[in-house]
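Now for the letters of each chain:
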Amino acid sequence: MKPIAVQLYTLRAEAEKDFPGVLRRVADIGYNGVETAGLHGHDPKEIAKLISDLGMVVCSSHTDLPNPDNIGDIVETAQTLGNTRIVSGFGPDDFTTPDSCKEIAARFSLAAELLKPYGMSFGFHNHWWEFRSFEGKYAYDILMAEAPNVFSELDVYWTAFAKADPVKVVAKYKSRIPLLHLKDGTLQEGVPMTAVGSGVVPIPEIVNAADPESLEWLIVELDECASDMFEAVEQSYKYLTSQRLASGIK
């Protein structure tokens, strides 16, 4: 079983009010780690110490796309947090043709090369638009082929929402998927997500399709939810650990 983390974007509204309090509640639920998406104005050293004191780690961080101008700041923050995996991505207007996908892949490759000297790796997080099809290939396939030095943090909900099969995608690219974003829901447009395990996304099949040698973390993320977000985060944890798909610290 792999350790379980939560993408803190899930709890962004709560974190804006009390970020340290959010971290304490996440640890109290039993999560092994967190994936950061900004620090809400807090000093990285302060947050790193709190996370460590709570018995958790930072498994990865969502940041702006690394480039020659911002690489120093991204690396400094990641080193302070003790994190070596950096994740970013692009929007729907950036994946309109095969050539635009190749251009994005080149920028991803550059990000990976910039991070490499620091012992860090770069990956991209997908939504539904990376599964637009061009001449029988998904934009995602083009990105993976054109940027072999980049890993995929596969968002299984958005993969399924785009009518692709997340089980098949994981099986095909499992050696390059160290992080899985797990979320659930009805897959209906405009309908909020649900706690992991209470929707129609085939979570067990997806996790079991991953390569146990390559997969490092299962990360719960809910963009939005009809229920209380903390309740959904706790329910997701209980589902994944009770089904022996993930292990926590409790």
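Provided above is the structure to which this section pertains.
Residues numbered from 1 in each chain as written. Predicted model: local features only at pLDDT ≥ 70, side-chain atom pairs only at ≥ 80, totals over all residues. Heavy atoms only, no water.

**What about the packing of aromatic side chains?**
Stage number 1. Enumeration over the complete set of coordinates arrives at twelve aromatic pairs.
Stage number 2. Taking 5.2 Å as the distance between ring centres and 50° as the angle between the ring planes, the aromatic pair formed by tyrosine 31 and tyrosine 237 counts as tilted. Of this pair, tyrosine 31 sits in the loop between α1 (12-29) and β2 (33-36) while tyrosine 237 sits in helix α9 (residues 229-242), and the two are 206 residues apart along the sequence.
Stage number 3. Among the residues examined, tyrosine 31 registers a relative accessible area of 0% and is labelled buried.
Stage number 4. According to the relative accessible area criterion, tyrosine 237 is buried, its value standing at 5%.
Stage number 5. Here tryptophan 158 and phenylalanine 161 contribute two aromatic rings whose centre-to-centre distance is 5.1 Å and whose plane-to-plane angle is 80°, an arrangement assigned as edge-to-face. Highlighted residues: tryptophan 158 and phenylalanine 161, both in helix α6 (residues 156-161), separated by three residues, approximately one helical turn. Of the two residues, tryptophan 158 and phenylalanine 161, neither departs from the other in class, the shared state being buried.
Stage number 6. Connected via pairs of aromatic rings, a cluster forms that spans Phe90, Phe108, Phe122, Phe124, Phe131, Tyr138, Tyr140 and Tyr173.
Stage number 7. Sitting over the face of the ring of tyrosine 9, arginine 12 holds its NZ or CZ atom 3.9 Å from the ring centroid. (Phe/Tyr/Trp six-rings, centres within 6.5 Å; stacked < 30°, edge-to-face > 60°. Helix = DSSP H or I, 4+ residues; strand = E, 2+ residues; numbered from the N terminus. Buried < 20%, exposed > 50% of the residue type's maximum accessible area, 1.4 Å probe, protein only. Lys NZ or Arg CZ within 6 Å of the ring centre and 35° of its normal.)

**Some points on unusual backbone geometry**
Stage number 1. The phi torsion at histidine 40 lies on the positive side, around 55°, for a residue other than glycine.
Stage number 2. Turning to its location among the elements, histidine 40 is positioned in the loop between β2 and α2 (44-53).
Stage number 3. In this structure, arginine 244 takes a positive phi of about 55° despite not being glycine.
Stage number 4. In this fold, arginine 244 is placed in the loop between α9 and β11 (246-247).
Stage number 5. Residue arginine 244 is classed as exposed on the basis of its relative accessible area, which comes to 61%.

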